Amino acid sequence: MFTKPVAGRTTAAAEGDVVVLLIGMRVNHFWAVHQWVPALRAMLRMIRELTRDRSRGLLGHVLLTGSPRTYYVVQYWESKERLYAYAAAPDMFHHRVWAIVNRKQRAGQLKQHVGIWHETYIAPKGSYESVYVDMPPSGLAAATGVLPVERRGSRAAERLAHR
């Protein structure tokens, strides 16, 4: 459960483009437990589904909370194509959940008790860098592995120039 820190300075072993999806929810009304608990459970179920089947393209994820109202996941993906394929796959839980949400929205049945959001970023090779000092693999490094920082450059500008 607890990962030991890697001594010294390391960087993520990511190669090529990096796709980052931030996805989360906000509890707008705490008393509407019957609305936000299913949304939270669905979010966790999708993560479990993706971590069981690595062929879908999820490299790694981090669960975070911004406050008692906001919960989100930072996800690292192999490619935008894999992310899109998962989102649209009729055999995956995400497809079923969004069909329900869209149907309720069209029928005017969403009560604004819970907010859902996502942002997707595609960072081309050479436009991202990372450094971790005396840290266990975290974030992008947990998703792609770690390298000694010297392999990519000891300064951020050198790591950004890595091609």
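Everything that follows concerns the structure shown earlier in this document.
Residues numbered from 1 in each chain as written. Predicted model: local features only at pLDDT ≥ 70, side-chain atom pairs only at ≥ 80, totals over all residues. Heavy atoms only, no water.

Novice: Would you mind going over the pairing of strand β1 (residues 6-12) with me for this structure?
Specialist: Remember that side chains alternate between the two faces of the sheet whenever the strand is regular. Relative to strand β6 (residues 132-135), β1 runs antiparallel, the two being bridged by three bridges. Looking at β6, one finds that V6 is bridged to M135. (Pairing = 2+ DSSP bridges. Helix = DSSP H or I, 4+ residues; strand = E, 2+ residues; numbered from the N terminus.)

Novice: Teacher, can you tell me more about the sheet that holds strand β3 (residues 58-65) here?
Specialist: In a beta sheet, neighbouring strands pair by backbone hydrogen bonds and run either parallel or antiparallel. Spatially, the four strands line up as an open sheet ordered β3-β4-β2-β5, and their pairing is antiparallel. Looking along the sheet, the strands with just one partner apiece sit at the ends: β3 and β5 (114-123). Each neighbouring strand pair of the sheet contributes to a mean axis angle of 15°, computed without reference to strand direction. (Axes fitted to C-alpha atoms, helices over the stretch in contact; angles between N-to-C directions.)

Novice: What exactly am I supposed to notice about the environment of V131 here?
Specialist: By the secondary structure assignment, V131 is in the loop between β5 and β6. Taking the relative accessible area as the measure of exposure, V131 reaches 37% and is therefore partly exposed. Separated by 31 residues in sequence, V131 and H162 have C-alpha atoms that sit 13 Å apart. When near neighbours in sequence (up to four residues on either side) are disregarded, V131 contacts R9, T10, V149 and R159. (Buried < 20%, exposed > 50% of the residue type's maximum accessible area, 1.4 Å probe, protein only. Contact = heavy atoms within 4.5 Å.)

Novice: Just checking my understanding: could you explain empty space enclosed by the protein for this structure?
Specialist: A probe as big as a water molecule, rolled over the atoms, marks out the empty space that is left. Within this structure, the stated rule accounts for one cavity of 30 Å³ or more. Its volume calculated, the largest cavity comes out at about 100 Å³. Forming the boundary of the largest cavity are 14 residues, of which A14, Y128, R152, R159 and H162 lie nearest the centre. Class assignment for the residues of the lining of the largest cavity results in four nonpolar, five polar and five charged. (1 Å grid on protein atoms, 1.4 Å probe; cavity = no way out; pocket = protein on both sides within 12 Å on 5 of 7 lines; lining within 4 Å. Points joined across faces, edges and corners; volume = space filled by probe spheres on them. Nonpolar A, V, L, I, M, F, W, Y, C, P; charged D, E, K, R; others polar.)

Novice: I'm lost on the side chain of R56 in this one. Help?
Specialist: Considering the arrangement of structural elements, one finds R56 in the loop between α1 (33-52) and β3. Within the structure, R56 has its side chain in polar contact with the side chain of D91 (distance 2.9 Å). Ignoring anything within four residues of it in the chain, the contact list for R56 reads L50, W77, R82, Y86, A89, D91 and M92. (Polar contact = N/O pair within 3.5 Å; in protein donor to acceptor, adjacent residues only side chain to side chain.)

Novice: Teacher, can you tell me more about the sheet that holds β1 here?
Specialist: The three strands are arranged β6-β1-β7 in an open sheet whose pairing can be described as antiparallel. Of all strands in the sheet, those bounded by a partner on one side alone are β6 and β7 (146-148). Each strand axis lies, on average, 55° off the axis of its neighbour in the sheet, ignoring direction. Pairing analysis gives three bridges linking β1 to β7, with the strands arranged antiparallel. Across the sheet, A12 pairs through a bridge with V146, a residue of β7.

Novice: I would appreciate a short explanation of α1 in the present structure.
Specialist: Since the α-helix advances by 3.6 residues per turn, residues separated by three or four positions end up pointing in the same direction. Relative to the 28 Å expected for 20 residues at 1.5 Å per residue, α1 spans 28 Å between its end C-alpha atoms, a close match to the ideal helical length. All of the buried residues along α1 are W36, A39, A42, M43, M46, I47, E49 and L50. Relative to the axis of α1, the buried residues are bounded by an arc of 160° and lie together on one face. Facing away from the buried side of α1 by over 90 degrees, the exposed positions are H34, R41 and R52. (Expected span 1.5 Å × (residues − 1). Arc of directions from axis to C-beta.)

Novice: In this structure, what is going on with the side chain of Q75? I would like to understand it.
Specialist: With respect to the helices, strands and loops of the structure, Q75 is situated in strand β4 (residues 70-77). Looking at Q75, the relative accessible area reads 6%, which means it is buried. Within the structure, Q75 has its side chain in polar contact with the side chain of W77 (distance 2.9 Å). With sequence-adjacent residues up to four places away left out, Q75 is seen in contact with V19, V20, L21, I23, I47, L58, G60 and H61.

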